Amino acid sequence: MEDVVLRPGGVSGGLGPFAMAPPGMKRRPDGGFEKVKLAPRGSAKLGQDRKKYSREFLLEFKEKCTEAPQGMNLNLQELLEGNADEAPDAARAGTMWDGNDQRDWHAKKPLPGDEHVAPPKRMPASEETKASKSADGEREKRAQAPEIKMHKATNAWSAGTSAEDNDEKVVRTIKGILNKLTPDKFDRLAKQALDAGINSAPLLQKCIVLVFEKAVAEPTFCPLYAKLCRKLSDDLPDFPSEEGDNKPITFRRVLLNTCQDEFEGTALQKDKADSINAVHEREVAERAVKQRTLGNIRLIGELFKEKMVPEQIIQVCITELVGNGGSLAEENVEALCQLMSVTGKLLDSSSSARPMVDSCMSRLQKISNTVTLPSRIRFMIKDTVDMRNSGWEPRRGFSEVKTINQVHKEAAAELGVTFEAVKQMTGDFDEDLFPALKSGDAGWDTVELGDSNRLGDGNFSSLVGTPPPLPEVIVRKAQAPPGATLSEEEKERKIDAMLDEYCMAVDLNEAVTCVEELNDPDYGARIASKTIEKLINSMNEKEVELLSDLVFGFVEKGVVTLDQAMEGLRVHTDMLEDLALDVPKAPGRLGDLFGAGVAAEVFTLADLPSLCEATEDACTRRDFVTRALLVLQSKVGKTSMLDQCRESGWSCTDLLAGDPEMDEPLDTYLQSKDLSDLP
């Protein structure tokens with residue numbers, strides 16, 4: 001059996017005697033190679049480094065050179081007569097060793113004519129054995145390894161637009177429309193929603209979920225979203241059911257099913273939130289459930305006003321919220337008040353629904369007499385009952401979106417001024433800053449002083465004579481006669497104007513006079529609540545101090561009693577956690593107000609536990625209490641503050657305790673506030 005030759009020419013290291021030199025190299029006489037110094041292109045001259053031969057000269061060797069040189073085993077006849085495609089391979093083969101290598105391959109003996117080539121260095125036998133075993137092991141591993149097959153993905157990408165891509169495009173379009181929806185742009189964006197390409201039942205359901213989630217998250221915009229739902233329900237086509245029944249899938253049907261599922265799943269969501277052990281996470285979950293519940297109720301009421309929800313569904317919702325006569329949860333009372341505020345006017349106009357409205361209002365009035373019910377819920381019930389008594393006209397308008405024209409009209413009605421009146425007073429807006437004082441080319445116009453302040457060009461100047469009377473549109477309305485009864489809306493407007501005027505003029509007597517003109521001694525709690533509300537939302541610290549002094553001034557003048565001041569404060573402390581989310585400074589400002597009130601003997605420290613009763617968050621409660629104590633300490637001294645704490649009978653451990661895992665240890669917290677001596 002012949003040995004297999006693994007290397008060209010049978011030579012283990014080196015090239016055959018007829019092998020061509022690599023590019024840039026030339027063969028030496030000893031068989032080796034050396035670099036050739038190449039001249040730059042175009043630099044060689046004829047007769048020097050480069051030789052050029054003509055075609056005629058080369059053809060002279062055609063008849064003479066008919067045999068291969070000695071030592072080359074090349075059959076020229078076969079090369080010339082063979083296939084032209086195989087000629088290059090044959091030519092290349094002629095440059096290599098063409099004999100059978102009968103030598104011992106491991107001996108690495110050179111071929112004849114290559115004795116001058118130095119044999120390669122051989123690795124030690126031990127290393128050669130290791131390398132051979134390693135190569136054999138790798139080959140065995142590759143042979144035993146399972147064959148790897150490529151699996152095609154089920155949702156492999158391919159060029160072109162698929163149905164999923166089209167659905168995603170439609171969903172993105174609807175999201176953009178909902179983000180930009182306003183009353184002024186409603187018609188244009190509603191048309192874009194209809195033209196977005198909702199052409200299947202699954203896509204319709206996705207879009208309805210988007211609208212529902214947006215409405216639940218933004219209850220203020222629910223009237224606008226309900227109007228959009230009405231538009232889409234009227235103009236979008238119906239789709240065949242995929243479940244085999246005869247009922248088509250319509251926008252209205254899917255939307256009402258979504259609202260129903262959310263309404264019926266509220267109890268389950270509450271149970272899930274209550275089962276969370278971590279205090280902070282449980283509070284976040286409960287707040288989210290409450291927000292979704294109220295948002296869903298508001299949306300159902302607005303859909304009822306758009307005649308998309310039948311009256312029977314509203315009656316079922318009211319029945320579920322009222323319950324079977326037992327005690328009502330606070331969130332159910334709040335949801336019921338909101339539903340009645342939105343739908344009460346339409347329900348009262350229906351003879352079939354009016355008895356249920358009467359029963360619901362009677363139940364709410366009984367609930368409002370519950371002592372343990374928070375003040376915020378009691379006031380909410382009172383507002384709902386008063387709204388029905390006034391023909392379902394809210395004392396304060398609902399928070400809803402408005403067009404630019406509506407904003408202008410309300411500003412004109414509230415401030416008593418129109419843009420035409422402003423233009424009449426200031427002249428043309430396109431003129432310079434003082435158009436009435438514009439001079440000619442010669443400089444300032446000379447105007448003689450007189451009884452009138454009209455200038456030569458017919459305009460008025462406040463620098464000359466007596467100013468003209470203001471236009472009638474901005475003249476104040478006549479004051480109500482003494483003893484006249486004001487409506488709730490007029491009282492609210494009068495209080496707001498009084499507070500704004502006090503912050504500018506700081507005239508306590510004028511503010512007291514304004515309160516006395518209300519002719520309602522029982523309105524003191526509302527006055528205190530409105531003053532504290534403005535104090536919380538104020539951006540000016542100086543204004544906060546003025547409003548705090550105003551509350552104590554009302555008590556001192558007797559227009560607000562001590563109980564009314566406490567009730568006005570309790571309205572805000574009962575919802576302190578919600579206030580802290582919107583106004584982070586609210587707990588501190590209310591604490592400062594209470595501490596200053598204790599120093600002024602308007603409040604007492606014994607009321608502190610009851611004010612903190614509705615606040616479950618330890619951080620918010622601690623901020624309120626410590627700010628109150630620090631302000632009291634700054635006004636009466638630390639010793640007097642500690643004495644009043646002991647006399648009040650409450651323990652700071654119970655009042656300021658928090659979650660051991662979530663909140664800072666109480667001792668460390670009190671030490672950081674320099675209140676470690678509290679009883």
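Because the structure is predicted, anything quoted here is derived from the model rather than measured.

## Looking at the overall build of the chain
Scanning the chain from terminus to terminus reveals 29 helices and two strands. The buried share of the chain, reckoned over its 679 residues, is 33%. A separation threshold of at least 6 residues defines the contact pool for the chain, and within that pool the share at least 24 residues apart is 66%. Here the chain has roughly 43800 Å² of accessible surface; of this, 52% comes from carbon and sulfur atoms.

## What about helix H12 (residues 311–322)?
Think of an α-helix as turning once every 3.6 residues; residues three or four places apart then point the same way. Its twelve residues give H12 an end-to-end C-alpha distance of 17 Å, which sits within 8% of 16 Å, the value for a rise of 1.5 Å per residue. Where H12 is buried, its residues touch helix H9 (251–264), helix H11 (279–305), helix H13 (330–348) and helix H14 (354–368). Two residues or fewer after H12 comes glycine 323, characterised by a positive phi angle close to 85°.

## Overview of the nonpolar core
Core analysis: the largest hydrophobic core is formed by 71 residues, its most contacted members being Ile174, Leu303, Ile318 and Ile381. Looking at this core element by element, the count peaks at ten residues for helix H7 (residues 201–217). For leucine 303, the contacting residues outside a window of four places in its chain are Ala226, Cys229, Leu255, Cys259, Met308 and Val309. Val559, Val560, Val598 and Leu642 belong to the second largest nonpolar core, which has 63 residues in total.

## Focus: the packing of helix H21 (residues 541–557) against helix H24 (residues 586–599)
The contact between H21 and H24 brings their axes to 11 Å, and the two run at 40°. Between H21 and H24, the crossing angle belongs to the class labelled oblique. When the axes of H21 and H24 are compared, the crossing they make is right-handed. Residue-level inspection shows Glu541, Val544, Ser548 and Phe552 of H21 in contact with H24, the latter providing Arg589, Leu593, Ala596 and Gly597. Considered class by class, the residues forming the contact of H21 with H24 number four nonpolar, two polar and two charged.

## Some words on the pattern of salt bridges
Inspection of the entire model under this criterion finds 28 salt bridges. Between lysine 534 and aspartate 500 there is a salt bridge, with its nearest N and O atoms 3.0 Å apart. Within this pair, whereas lysine 534 is found in helix H20 (residues 524–537), its partner aspartate 500 is found in helix H18 (residues 488–505), the two being separated by 34 residues in sequence. Its relative accessible area of 23% is what places lysine 534 among the partly exposed residues. Here the salt bridges do not stand alone but share partners, grouping Glu492, Asp496, Arg526 and Lys530 into one network.

## Quick word on the packing of H13 against helix H15 (residues 375–389)
Direction vectors running N to C along H13 and H15 enclose 10°, while the axes themselves pass 10 Å from each other. For the element pair H13 / H15, the angle class is roughly parallel. Together, Glu330, Val333, Glu334, Cys337, Met340, Ser341 and Asp348 of H13 and Arg376, Ile377, Met380, Ile381, Thr384, Met387 and Arg388 of H15 make up the contact between the two elements. Across the contact of H13 with H15, the residue classes break down as seven nonpolar, two polar and five charged.

## Concerning the confidence of the model for the chain
Looking at the chain as a whole, the pLDDT averages 76, with 68% of positions reaching at least 70. Within the chain, helix H3 (residues 87–93) has the poorest average pLDDT of any element, 45, and helix H8 (residues 222–235) the best, 93. Note on residues 1–14: pLDDT is under 50 here. Beyond four places in sequence and across chains, it has 19 contacts. Note that residues 427–457 has pLDDT below 50 and, in this model, 36 contacts with residues that lie over four places away or in other chains.

## Concerning unusual backbone geometry
Look at lysine 307: it is not a glycine, yet its phi comes out positive at around 65°. Examined against the element boundaries, lysine 307 turns out to sit in the loop between H11 and H12. At asparagine 519, a position not held by glycine, the phi torsion is positive, near 60°. Inspection of the secondary structure assignment puts asparagine 519 in the loop between helix H19 (508–516) and H20. According to the relative accessible area criterion, asparagine 519 is partly exposed, its value standing at 41%.

Definitions and limits used
- Residues numbered from 1 in each chain as written.
- Predicted model: local features only at pLDDT ≥ 70, side-chain atom pairs only at ≥ 80, totals over all residues.
- Heavy atoms only, no water.
- Helix = DSSP H or I, 4+ residues; strand = E, 2+ residues; numbered from the N terminus.
- Buried < 20%, exposed > 50% of the residue type's maximum accessible area, 1.4 Å probe, protein only.
- Contact = heavy atoms within 4.5 Å.
- Areas by Shrake-Rupley, 256 points an atom, 1.4 Å probe, with all protein chains shown as cover.
- Expected span 1.5 Å × (residues − 1).
- Core = buried A, V, L, I, M, F, W, Y, C linked by side-chain atoms within 4.5 Å.
- Axes fitted to C-alpha atoms, helices over the stretch in contact; angles between N-to-C directions.
- Parallel < 35°, antiparallel > 145°, perpendicular 65-115°, else oblique.
- Left-handed = near helix turned anticlockwise from the far one by under 90°.
- Nonpolar A, V, L, I, M, F, W, Y, C, P; charged D, E, K, R; others polar.
- Salt bridge = Lys/Arg side-chain N within 4 Å of Asp/Glu carboxyl O.
- pLDDT = per-residue confidence, 0-100.

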